[in-house]
Amino acid sequence: MFKNLTGWSRVKSPWICHLNTGGCNGCDIEVLAALMPRFDIERFGILLKATPRHADVLVCTGAITRQMKDRAVRIYEQMPEPKFVIAVGSCACSGGVFWGCYNVLGGIDKAIPVNVYIPGCPPRPDAIIHGVIKLLGALDPRYTELLEELKRKGEIHVSGK
Amino acid sequence: MSVSIPIGPQHPALKEPTHLMVTLDGERVVDIDMRLGYNHRGIEKGAESRNYIQNIYLTERICGICNVAHTSTFCQGVEELLGLEVPKRGLFIRTLLCELNRIHSHLLWLGVAGHEVGFDTLFMYSWRDREIVMDLIELISGNRVNIGINAIGGVRRDISDDMRPQILQGIGQLEDRSQYYLEVASTEVTFVRRTQGVGKLPKEKAIELCAVGPYARASGVEYDLRKDDPFAAYPYLDFKVITSDRCDVLGTAIVRVLEIMESCKMCRQIIEGLPPGEIKVKAPRKVPPGEVVSKTEAPRGELIHYIRSNGSDRPERLKVRTPTLADIPSVLYSLRGGYIADIPIVFAAIDPCMACMDRVLLLDIDNRKTESMMTWEELREYGMRWYANRKG
Amino acid sequence: MSAESDIQDKLKEVFGEKISELKTIRERRVFVRIPLPLVKEVISYLKQNLGMTHITTITAIDVGEEIEVLYHFLCRGVALSLRTSVPKANPVIDTITPIIPGAILYEREIQDLLGLKVKGHPDPRRLVLPEGWPEGVYPLRKEYKVKVEES
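Residues numbered from 1 in each chain as written. Chains lettered and ligands numbered in written order. Predicted model: local features only at pLDDT ≥ 70, side-chain atom pairs only at ≥ 80, totals over all residues.

Along its length, chain C carries three helices and seven strands. The 151 residues of chain C split such that 40% are buried. Considering only contacts in chain C between residues 6 or more positions apart, those separated by 24 or more positions represent 48%. (Helix = DSSP H or I, 4+ residues; strand = E, 2+ residues; numbered from the N terminus. Buried ≥ 20, exposed ≤ 12 C-beta atoms within 10 Å, placed from the backbone. Contact = placed C-beta atoms within 7 Å.)

Written out as structure tokens, the structure is:
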């Protein structure tokens, strides 16, 4: 499918780690749906790992609750450099619908620095893949080409720019 | 000699990332304790400063997986306080989405259960089939998750005639696939070995500890609000309540797969018998003083919203008890005396809102001396190795 | 005879003047007010004589000088809500877990969020509030105002 398929295997596969800091699970199931056969982000070499120690990208969902704040910081500290954080969903971006609730501090950036914000409640798996690949494009221009290819083929539907 | 192992945080249920403290004697769990609250957001208090319409959006996000159940329970409660009668067509559409929500939730569970026992093929298949349901939900409501279909007074979107063939086709596909899952659940060795006889919860204990939902029904407790306290369009539908006498995790799997089949039947009845008419009545913004106990059967079991109104456009008090909280005493009971290798699947049997999928687990070392710490992933892998070594 | 009227009649027969505000607001919804000292006796009676074992949840509401506590039970298919009140200045209730073990987490929740003291509870730890949440601060009391931190 991709002309440089063998080239992909030489590019370091980005490993992502998923953390829910207090969400409703709506975003979590869409992150997982992005990994499942229908959307299948794994074919780009993006793998979900359970431990932050080997992860390049931390995918965060949910608003940050008081109880999860220290843990989010600790997990971020465990990741090796270079590391990136993606906030998936309106709650991870800003607290979303829970902003103002007593145990919610706000978005993920109240605890750790965020590189990419993907709004939505929840964002579709297409939008999540778009966000992840856009981030990876900052690391490796081949991912930007991949993103254009996916849009051209209609595999990801992106309105606007 | 007993050893204490903390596990977690991870995320089940409504109260998500949890922390389990397990006390072991060799391989056996002597005691298990659970710490909740990582996902406590303060929604009940938040509801008091939002009006009823805003609260539909807030309650929907208590749990993204059972979002339709939450809005249905909430809207139904406010409708009762207002003395509104929702038109029959609106009730039918609301019920259709409730059942589609149930199907997607049970398929999600099936995949997660498969993952917990190392049967990732089941995970992939069931989540792929779940996309059939997600497409139907998106067709009707415009979104896959957190769909906003319910309004106070009815539903917001109608089902047009050209949607019907697509819905019926999707239901047909799901019925075929559930036959396959029934075979897998009852005969596939990888799955049966890890779930048969595991996580035993006798019927008397399930009743004593007030368990609900498919988890209780798998222990023979015949309690399903759709039959016992009918709401929405359930009085007009013909369906069976599924129970099992197995009292173990395999029982919960079989009950859920059979429930998917019953839900498909109900969806078919709804589409074929959809009455004409309005989908919603107009609702006033202010709700006269009163109180209501609104209950529905969410995918995980008995869900209650207690609402007290005070004449304004904001509730005086909203109290929500989600079904997973009701099942926690029972699951802790069934884990005691079992093997540590069984913890992931037994825990998953109550269908905690998000099972062990993303596990980034960091553990605080307790002030007490502990021998070791484990993440959920490590525990799951331990379980798979343990069973592999036990072969023969 | 319907379950609702059966429950109402039996409660009136046994407890008479001691209970009040007994009403069936619609099918399968019965409410009754019980004085605090009688709560355990009424629940035991219902368990013994009407086979009531299932508690759905316990709601506690700050109504000013008092905290109203509602025990939501399932009794013969009816959602039976038993209402009682405690003074906010001394919000002590007895645990019902010896009679209804399934109430264990709901009692912890009202301790946490409204500051009720459940006497005799087998495990009175915090349920949902985070470690480090200040003692004596009960978020679901009316006087607790959420402070929104502007960044």
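What chain B contains, in helices and strands, is 14 helices and eight strands. For chain B, with 392 residues in total, the buried portion stands at 63%. Look at the contacts in chain B between residues 6 or more apart in sequence, and 70% of them connect residues 24 or more apart.

By a widespread convention, an interface's size corresponds to the accessible area lost as its parts come together. The partner chain A presents 35 residues to the 37 residues of chain B that form the contact. Those elements giving two or more residues to the side of chain B that touches chain A turn out to be helix H1 (43-48), helix H2 (52-60) and helix H5 (120-141) of chain B. In terms of residue count, H5(B) provides more of the side of chain B that touches chain A than any other element does, four residues in total.

Judged by nonpolar contacts, the single largest core of 213 residues is most densely connected at A:Leu58, A:Cys60, A:Ile86 and A:Val88. Looking at which element gives the most residues to this core, the answer is helix H4 (residues 88-116) of chain B, with 14 residues. Among the domains, domain 1 (2-40 + 326-389) and domain 2 (43-198 + 271-324) of chain B are the pair contributing at least three residues each to this core. (Core = buried A, V, L, I, M, F, W, Y, C linked by C-beta atoms within 7 Å. Domains from an automatic or database assignment.)

This brings us to the environment of A:Pro113. Within the element layout of this structure, A:Pro113 appears in the loop between strand S6 (104-106) and strand S7 (116-118). For the pair A:Pro113 and A:Arg66, spaced 47 residues apart in sequence, the C-alpha to C-alpha distance is 17 Å.

This next bit is on the sheet that holds strand S6 (residues 290-298) of chain B. All names here are of chain B. One open sheet holds the three strands; their spatial order is S6-S7-S8, and the pairing between them is antiparallel. Looking at strand neighbours, the two that pair on one side only are S6 and strand S8 (315-321), the edges of this open sheet. Between one strand axis and the next, the sheet turns through 15° on average, direction left out of account. Judged from the six bridges that link them, strand S7 (residues 301-309) and S8 form a sheet pairing that is antiparallel. Residue pairing across strands places Ile-304 opposite Arg-321, the latter belonging to S8. (Pairing = 2+ DSSP bridges. Axes fitted to C-alpha atoms, helices over the stretch in contact; angles between N-to-C directions.)

As a further point, take the packing of helix H2 (residues 26-35) of chain A against helix H5 (residues 125-139) of chain A. Residue and element names in this part refer to chain A. Running from N to C, H2 and H5 point in directions that differ by 75°, and their axes come no closer than 8 Å. One way to sum up the angle between H2 and H5 is to call them roughly perpendicular. Between H2, through Glu-30, Val-31, Ala-33 and Ala-34, and H5, the contact on the second element is made entirely by Pro-125, Ile-128 and Ile-129. Of the residues belonging to the contact of H2 with H5, the class tally is six nonpolar, no polar and one charged. (Parallel < 35°, antiparallel > 145°, perpendicular 65-115°, else oblique. Nonpolar A, V, L, I, M, F, W, Y, C, P; charged D, E, K, R; others polar.)

This part is about helix H14 (residues 376-389) of chain B. Residues and elements named next belong to chain B. With 14 residues, H14 should cover 20 Å at 1.5 Å per step; its first-to-last C-alpha distance of 20 Å lies within 8% of that length. Residues Trp-376, Leu-379, Arg-380 and Gly-383 constitute the buried set of H14. Taken around the axis of H14, the buried residues stretch over an arc of 100°, which confines them to a single face. Opposite the packed face of H14, turned more than 90 degrees from it, sit the exposed residues Arg-385, Ala-388 and Asn-389. (Expected span 1.5 Å × (residues − 1). Arc of directions from axis to C-beta.)

Backbone torsion omega between A:Glu81 and A:Pro82 reads -5°, so that peptide bond is classified as cis. Cis geometry is found at the peptide bond from A:Cys121 to A:Pro122, where omega equals -10°. With respect to the helices, strands and loops of the structure, A:Pro122 is situated in the loop between S7 and H5. Even without being a glycine, A:Asn25 presents a positive backbone phi close to 80°. Its location among the elements puts A:Asn25 in the loop between strand S1 (15-20) and H2. Overall, the presence of 32 C-beta atoms within 10 Å leaves A:Asn25 in the buried class. Non-glycine residue B:Asn146 carries a positive phi angle of around 55°. Considering the arrangement of structural elements, one finds B:Asn146 in the loop between H5 and strand S4 (150-151).

Further remarks concern the domain arrangement of chain B. Residue and element names in this part refer to chain B. Taken domain by domain, chain B comprises domain 1 (2-40 + 326-389) and domain 2 (43-198 + 271-324). Among the secondary structure elements, those contributing two or more residues to the side of domain 1 that touches domain 2 are helix H12 (323-335), helix H13 (343-348) and H14. Counting residues per element, the side of domain 1 that touches domain 2 draws most heavily on H13, which supplies four residues. Across the side of domain 1 that touches domain 2, the residue classes tally to 17 nonpolar, one polar and four charged.

What follows deals with H2(B). Those residues of H2(B) that sit buried are B:Tyr52, B:Asn55, B:Ile56, B:Leu58, B:Thr59 and B:Glu60. Contact partners of the buried residues in H2(B): H1, helix H3 (67-82), S4 and S8 of chain B.

Let us now look at the interface of chain B and chain C. On the side of chain C, 25 residues touch chain B, which itself brings 25 residues to the contact. Of all elements in the fold, only H1, helix H8 (203-208), S6, S7, S8 and H12 of chain B reach the threshold of two or more residues within the side of chain B that touches chain C. Top element by residues in the side of chain B that touches chain C is S7(B). It accounts for four residues. Broken down by class, the residue content of the side of chain B that touches chain C amounts to 10 nonpolar, three polar and 12 charged.

It is worth spelling out the pairing of strand S4 (residues 66-75) of chain C at this point. Residue and element names in this part refer to chain C. Counting buried residues in S4 gives eight out of 10 residues, a clear majority hidden from the surface. Inspection of the sheet shows strand S3 (residues 54-62) paired to S4 by eight bridges, in the antiparallel sense. Paired with Ile-58 across the strands is Tyr-71, a residue of S4. Joining the antiparallel neighbours S3 and S4 is a turn of three residues, in which Gly-64 adopts a positive phi near 110°. Sheet topology note: the S4/strand S5 (residues 78-87) ladder contains 10 bridges and is antiparallel. Paired with Glu-68 across the strands is Ser-85, a residue of S5. In this antiparallel pair of consecutive strands, S4 and S5, the connection spans two residues, and Arg-76 shows a positive phi of 50°.

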